[in-house]
Amino acid sequence: MSRVYNFSAGPAVLPEEVLKEAAAEMLDYKGTGMSVMEMSHRSKPFQAIIDEAEADLRDLLNIPANYKVLFLQGGASLEFIKIPMNFMRKKKAGYIITGQWAKKASKEAKFVGEMVTLASSEDKTFSYIPDCSDLPITDDMDYVYICENNTIYGTKFHTLPNTKGIPLIADQSSCFLSEPVDVTKYGMIYAGVQKNVGPAGVVIAIIREDLIPTEEESKKIPTMLNYKTQVDNNSLFNTPNCYGIYICGKVFKWLKANGGLEGIQKKNQEKAAILYDFLDNSKLFVGTVEKASRSLMNVPFIVNPAVVTDPEKKAALEADFVAQATKAGLVNLKGHRSVGGMRASIYNAMPKAGVEALVAFMKKFEEENL
Ligand SMILES: *Cc1c(COP(=O)(O)O)cnc(C)c1O
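Residues numbered from 1 in each chain as written. Predicted model: local features only at pLDDT ≥ 70, side-chain atom pairs only at ≥ 80, totals over all residues. Heavy atoms only, no water.

**Q** Let's hear about the overall build of the protein: which residues, and what values?
**A** When its secondary structure is counted, the protein shows ten helices and 14 strands. Since a compact globule built from 370 residues should have a radius of gyration of about 21 Å, the 21 Å found for the protein is in line with a globular shape. If one aligns the C-alpha atoms of the protein with their principal axes, the spans along those axes are about 65 × 55 × 30 Å. Within the span of the protein, comprising 370 residues, buried residues form 56% of the whole. Sequence-distant contacts in the protein: of pairs separated by 6 or more residues, those separated by 24 or more amount to 67%. Looking at charge distribution, the protein has the averaged site of its 43 positive side-chain charges lying 2 Å from that of its 44 negative ones. (Helix = DSSP H or I, 4+ residues; strand = E, 2+ residues; numbered from the N terminus. Rg over C-alpha atoms; globule rule 2.2 N^0.38 Å. Buried < 20%, exposed > 50% of the residue type's maximum accessible area, 1.4 Å probe, protein only. Contact = heavy atoms within 4.5 Å. Lys, Arg positive; Asp, Glu negative; His and termini not counted. Charge placed at Lys NZ, Arg CZ, Asp CG, Glu CD.)

**Q** I'd like a rundown of the sheet that holds strand S5 (residues 144–147), residues and numbers included.
**A** An order of S2-S10-S9-S8-S5-S3-S4 is seen for the seven strands of this open sheet, with the pairing classed as mixed. Whereas interior strands pair on both sides, the edge strands pair on one side only; in this sheet they are strand S2 (67–72) and strand S4 (114–120). Each neighbouring strand pair of the sheet contributes to a mean axis angle of 20 degrees, computed without reference to strand direction. Here S5 runs beside strand S8 (residues 168–171); their pairing, made up of four bridges, is parallel. Directly across from Val 144, in S8, lies its bridge partner Leu 168. In the packing of helix H4 (residues 100–109) onto the sheet, contacts are made with strand S3 (92–97), S4, S5 and S8, and the angle to S3 comes to roughly 165 degrees. (Pairing = 2+ DSSP bridges. Axes fitted to C-alpha atoms, helices over the stretch in contact; angles between N-to-C directions.)

**Q** Describe the domain arrangement of the protein, and please don't skip the residues or the numbers.
**A** Its domain assignment divides the protein into domain 1 (16–257) and domain 2 (260–369). Each partner contributes to the interface: domain 1 provides 27 residues, whereas domain 2 provides 24 residues. Interface area, domain 1 with domain 2, both sides summed: about 2,100 Å², of which 55% is carbon and sulfur. Our count for the domain 1 to domain 2 interface comes out at 13 residue pairs in polar contact (both at pLDDT 80 or more). Counting only elements with at least two residues in the side of domain 1 that touches domain 2, the list comes to helix H2 (44–61), strand S7 (155–156) and helix H7 (242–257). Partitioned by chemical class, the residues of the side of domain 1 that touches domain 2 number twelve nonpolar, ten polar and five charged. (Domains from an automatic or database assignment. Buried area = accessible area lost by both parts, 1.4 Å probe. Polar contact = N/O pair within 3.5 Å; in protein donor to acceptor, adjacent residues only side chain to side chain. Nonpolar A, V, L, I, M, F, W, Y, C, P; charged D, E, K, R; others polar.)

**Q** Just give me the short version of unusual backbone geometry, but keep the residues and values in it.
**A** Of the consecutive residues Gly 10 and Pro 11, the connecting peptide bond is found in the cis state with omega at -10 degrees. Considering the arrangement of structural elements, one finds Pro 11 in the loop between strand S1 (5–6) and helix H1 (16–24). The backbone phi angle of Lys 164 is positive, close to 55 degrees, even though this residue is not glycine. Structurally, the position occupied by Lys 164 is in the loop between S7 and S8. Given a relative accessible area of 36%, Lys 164 falls into the partly exposed group. Here the phi dihedral of Asn 332 falls at roughly 65 degrees; this positive angle occurs in a residue that is not glycine. By the element assignment, Asn 332 lies in the loop between strand S13 (330–331) and strand S14 (342–345). Residue classification places Asn 332 among the partly exposed residues on the basis of a relative accessible area of 44%.

This is the structure:
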């Protein structure tokens, strides 16, 4: 068996320990004689799996009792419309546009009410996080929306926007559980787990209780799009993604066994520093993001156009880099089509050795091609 270093932006690398455990339990989960995939979501063993997953997540993130935890389906993309449908009471919300995902979310808000663009970094291909210390936020807004880590562009909010008392809603898909978070600063946090936590098909939402629609408000929200439905049924109104939740639960335990979110943050900082330090000193490669906005999770980089001035030669070198890296067992390094070049996603489960192997490969490529 040979495992590669998988730098995919998502679905992405999972901890090897978790995969081995799941493999060992595949045919017979804890003496039930069946796999978790074959089990009723109303069964005792599955109830224990989802209860434990929630308890461990609450522990990891220190989630206060007045926040609900939901395991949902439909991808992060379905939340884009659910958020305005559930929370737009005054029919107005502010969005900070830091990339495609925030933009897509803001588009859905317009189906429900008025979407105000509070700030945007589109002028420079979303390569930075705008100053959010004094945004044009007004009292008649229901919430302020951010995409906290921009998977495609490799930027991250290192300071949360000053929302002037308006609830903050954050898409944390690509930074969820990568560092400690003060949940009380948010009205809602949500994440598609396929980036940093588990297999595709589960969205985790953490929602402040008082924002959940009331009985009266619920009359106008379709059942499966209403957060209250899953709150009232502990995420079991209908069949959830049982196997996905089971794997997420294992990842939570893996995080707890590895120093919790403080522990993983330290490792993530170390890994990112190895790559960013190399990029900052490289002649051939250059990062595409303003230093103050850099993500610890997604690192886009290109062949430096100031060094390789012919655009065709630059594109050819980048394609060659990706192809040769793949042969060397460093896979999924091609950048998103809107940025070009390369992108290394170095999520929680990417070992430090993987980042070191990537940097060693980049050094060698640079020596051979400069
Ligand atoms: C991948 C991604 C999404 C979309 O997730 P789906 O589960 O495919 O809908 C949304 N937001 C961010 C930040 C992402 O990285």
